[in-house]
Amino acid sequence: MAKEDNHLFFGGVDVVELAERYGTPLYVTDETMLRANIRNYKRTFGKPNTDIDTDIFFAVKANGNLAILKVLAQEGMGADVFSAGELHLTKLAGIPREKILFNGNSKSEDDLRTAVESGVKISVDSRDELSALAAVTDELGKEAAIAIRVNPDVSPAVNPKIATGLKESQFGVPYHEIISVCEEAEQYRNIALKGLHCHIGSQILKLNVFGEAAEKMMNLVEQLHERGMELEFVDLGGGLGIGYSDEDKKIVPTPDDLAEVILPILTDRMNSLGLNLKLILEPGRSIAGTTAILLSHVNAVKPAHKIFVAIDAGFNLLIRPVMYDAYHEVVVANRQNERASTLYTVVGPVCESGDIIAKDRMLPAVKRGDLIAIQDVGAYGFSMSSQYNGRPRCAEVLVNDGTVDLIRSREGIEDLLRTQKVPDRLM
Ligand code: LLP
């Protein structure tokens, strides 16, 4: 990010001009940064001195924009999808079926059918799902390659809403039942058990838990091996955190740090068993998080109990601060060279007192009409947006070394009405 003429530049583009041209709110993604994040992962996990072959499956829930998925496909990424909708987008983007894993703890009959017909790998989350899937494969006469989602019972130090591998969590088969579920899977004619899968949580900054999860997963691999069940892959999920705040930035781990924690464990354990399983990782945030900003105009500055800056984007477009008490840096995009002089609380336009984007931040003196840029919104930003309060969703642009492309149009009022029907008797 460079500063020129008091304006913030992002992806080589003056964001004040972007806001004038496309209006606000506006999500802006930097393609160069996205490609750099992907290549960084690939460099780390593709090093010639590692014995482990790794595939990286982007967690599409973090960002399902089709243009962004196209970039990922071009870079050779696979995809972790959590619904038939995400699967559809991923296929449209050109990600091959061998590199797609269909996840989910609550898959409908239709989901299972779509997954089997598409020929993607399926992560099975329960015994119940396993037998339903077996019935679908028999009916379609088509084999399904599966992983069993393991609940590894490890506890990362993150917001409880995004810790997914605790024994209390609803995801995965309880650890002590894994072997018997795998044995059951072996009984089904059209089910091919190929892997074990886990995902322990998100925004993880202390990586020791990944080591714990890797050990636990390899204990299961070993037990299966002893019983003659040979797998092809172990999927350790996503979860690597990013540096949202200055404090986080001091300790933020890199893909290299993650590799240092998990690869020696996997290599040792596999060597001692004489196995050569593929590793799958499913990063979402650490690929896309830093690659986007959300531009939003100031509608009012109000000195009250605090000095509130009311902007045109709220939790309808970025729910993370409200849902997880998440921190996102905010800057005044048209006052980049001015000194931070005043303490503000930046709030959205939604009719709830919880609609706070940034609490107690020192910013340059802000005026109505100024432009705020909320940072690091490329993961779980637009993908978690809604039309709450009758607010159509905003547009998205992709910037790349000075060029700009619209990658999602702004919704209009007609989009609020598009799927609604009024019974004749009420007309
Ligand atoms: N794999 C599975 C099975 C997942 O459930 C998730 C995220 C990921 C991979 C990707 O995790 P990541 O690398 O992005 O941490 N909305 C929350 C995050 C929810 C994460 C849900 N699962 C947030 O905004 O912080």
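All values derive from a computational prediction rather than experimental measurement. (Residues numbered from 1 in each chain as written. Predicted model: local features only at pLDDT ≥ 70, side-chain atom pairs only at ≥ 80, totals over all residues. Heavy atoms only, no water.)

## Here we look at the overall build of the protein
Consideration 1: Scanning the protein from terminus to terminus reveals 13 helices and 21 strands.
Consideration 2: Over its C-alpha atoms the protein spans a radius of gyration of 23 Å, differing by no more than 12% from the 22 Å that the globule rule assigns to 427 residues.
Consideration 3: If you line up the protein on its principal axes, its C-alpha atoms span 70 × 65 × 40 Å.
Consideration 4: The buried share among the 427 residues of the protein stands at 55%.
Consideration 5: The long-range fraction of contacts in the protein, counting pairs at least 24 apart against all pairs at least 6 apart in sequence, stands at 69%. (Helix = DSSP H or I, 4+ residues; strand = E, 2+ residues; numbered from the N terminus. Rg over C-alpha atoms; globule rule 2.2 N^0.38 Å. Buried < 20%, exposed > 50% of the residue type's maximum accessible area, 1.4 Å probe, protein only. Contact = heavy atoms within 4.5 Å.)

## A word on the confidence of the model for the protein
Consideration 1: For the protein, per-residue confidence averages 96 on the pLDDT scale, and 99% of positions sit at 70 or higher.
Consideration 2: Looking at the elements of the protein, mean pLDDT is at its lowest for strand 1 (residues 3–4), recorded as 56, and at its highest for strand 4 (residues 26–30), recorded as 99. (pLDDT = per-residue confidence, 0-100.)

## Brief notes about the side chain of H328
Consideration 1: Structurally, the position occupied by H328 is in the loop between helix 12 (320–324) and strand 16 (330–332).
Consideration 2: Side-chain polar atoms of H328 contact the backbone oxygen of Q375, separated by 2.8 Å.
Consideration 3: Among the polar contacts listed, one links the side chain of H328 to the backbone oxygen of D376, at a separation of 3.4 Å.
Consideration 4: With residues near it in sequence (within four places) discarded, H328 still touches Y244, L318, R320, P321, R361, I374, Q375, D376 and V377. (Polar contact = N/O pair within 3.5 Å; in protein donor to acceptor, adjacent residues only side chain to side chain.)

## Remarks on the site of the ligand
Consideration 1: Looking at the ligand, there are 18 residues lining it, with S202, E282, R320, Y324 and Y380 nearest.
Consideration 2: Measuring from an oxygen atom of the ligand, one finds a backbone N or O atom of G284 at 2.9 Å.
Consideration 3: Y380 is positioned such that a nitrogen or oxygen atom in its side chain is 2.6 Å from an oxygen atom of the ligand.
Consideration 4: Coverage of the ligand by the protein amounts to 93% of the 590 Å² it exposes when considered alone.
Consideration 5: Taken atom by atom, the bulk of the ligand overlaps the largest pocket.
Consideration 6: For the shell around the ligand, the per-class residue count stands at 6 nonpolar, 6 polar and 6 charged. (Near = heavy atom within 4 Å. Areas by Shrake-Rupley, 256 points an atom, 1.4 Å probe, with all protein chains shown as cover. 1 Å grid on protein atoms, 1.4 Å probe; cavity = no way out; pocket = protein on both sides within 12 Å on 5 of 7 lines; lining within 4 Å. Sits in = over half its atoms within 2 Å of the grid points. Nonpolar A, V, L, I, M, F, W, Y, C, P; charged D, E, K, R; others polar.)

## A short note on the packing of aromatic side chains
Consideration 1: Overall, the coordinates contain 3 aromatic pairs when judged by the stated rule.
Consideration 2: A centroid spacing of 5.8 Å and a plane angle of 80 degrees characterise the contact between Y27 and F382, whose relative ring orientation is edge-to-face. A residue pair is termed long-range when its members are at least 10 positions apart, and Y27 in strand 4 and F382 in the loop between strand 19 (371–374) and strand 20 (395–400) qualify at 355 residues.
Consideration 3: Residue Y27 is classed as buried on the basis of its relative accessible area, which comes to 1%. (Phe/Tyr/Trp six-rings, centres within 6.5 Å; stacked < 30°, edge-to-face > 60°.)

## Some remarks on the pattern of salt bridges
Consideration 1: In this structure the tally under the stated criterion is 22 salt bridges.
Consideration 2: Notably, a salt bridge pairs K61 with D80, separated by 3.3 Å at the nearest N-O pair. You can see K61 sitting in the loop between strand 5 (54–59) and helix 3 (66–74) and its partner D80 sitting in strand 6 (residues 78–81), a full 19 residues away along the chain.
Consideration 3: With a closest N to O distance of 3.5 Å, R227 and E183 form a salt bridge. Here R227, found in the loop between helix 8 (208–226) and strand 12 (233–235), pairs with E183, found in helix 7 (residues 178–187); they are 44 residues apart in sequence, far enough to count as distant.
Consideration 4: Taking relative accessible area as the criterion, R227 reaches 45% and is therefore assigned partly exposed.
Consideration 5: With relative accessibility at 35%, the residue E183 sits in the partly exposed group. (Salt bridge = Lys/Arg side-chain N within 4 Å of Asp/Glu carboxyl O.)

## Focus: the environment of S169
Consideration 1: Assignment of secondary structure puts S169 in the loop between strand 9 (144–151) and strand 10 (173–174).
Consideration 2: Beyond its immediate chain neighbours, meaning those up to four positions away, S169 contacts N151, A163 and T164.
Consideration 3: In this structure the side chain of S169 is engaged in a polar contact, spanning 3.2 Å, whose partner is the backbone nitrogen of F171.

## What to know about the pairing of strand 2 (residues 7–10)
Consideration 1: The pairing of strand 2 with strand 3 (residues 13–14) spans 2 bridges and is antiparallel. Across the sheet, residue F10 finds its bridge partner in strand 3, namely V13. (Pairing = 2+ DSSP bridges.)

## A look at the layout of surface pockets
Consideration 1: What the largest pocket holds in volume is close to 910 Å³.
Consideration 2: Lining the largest pocket are 47 residues; nearest its centre among them are K61, A62, Y380, S383 and M384.
Consideration 3: Mapped by element, the contributors of at least two residues to the lining of the largest pocket are strand 4, helix 4 (84–92), helix 11 (285–288) and helix 12.
Consideration 4: Residues of the lining of the largest pocket, tallied by class, amount to 18 nonpolar, 17 polar and 12 charged.
Consideration 5: For the second largest pocket, the calculated volume is near 410 Å³.
Consideration 6: Contributing to the lining of the second largest pocket are 21 residues, with A157, V158, N159, Q203 and L205 lying nearest its centre.
Consideration 7: Of all the secondary structure elements, the ones that give two or more residues to the lining of the second largest pocket are helix 8, helix 9 (246–251) and helix 12.
Consideration 8: Taken together, the residues of the lining of the second largest pocket sort by class into 12 nonpolar, 5 polar and 4 charged. (Points joined across faces, edges and corners; volume = space filled by probe spheres on them.)

## Considerations on unusual backbone geometry
Consideration 1: Here T24 and P25 are connected by a cis peptide whose omega angle stands at -5 degrees.
Consideration 2: Relative to the helices and strands, P25 resides in the loop between helix 1 (15–22) and strand 4.
Consideration 3: Positive phi values are uncommon outside glycine, yet N6 reaches one of about 75 degrees.
Consideration 4: Residue N6 is classed as buried on the basis of its relative accessible area, which comes to 18%.
Consideration 5: Located in the positive-phi region is D325, a residue other than glycine, with phi close to 55 degrees.
Consideration 6: When you line up the elements, D325 lands in the loop between helix 12 and strand 16.

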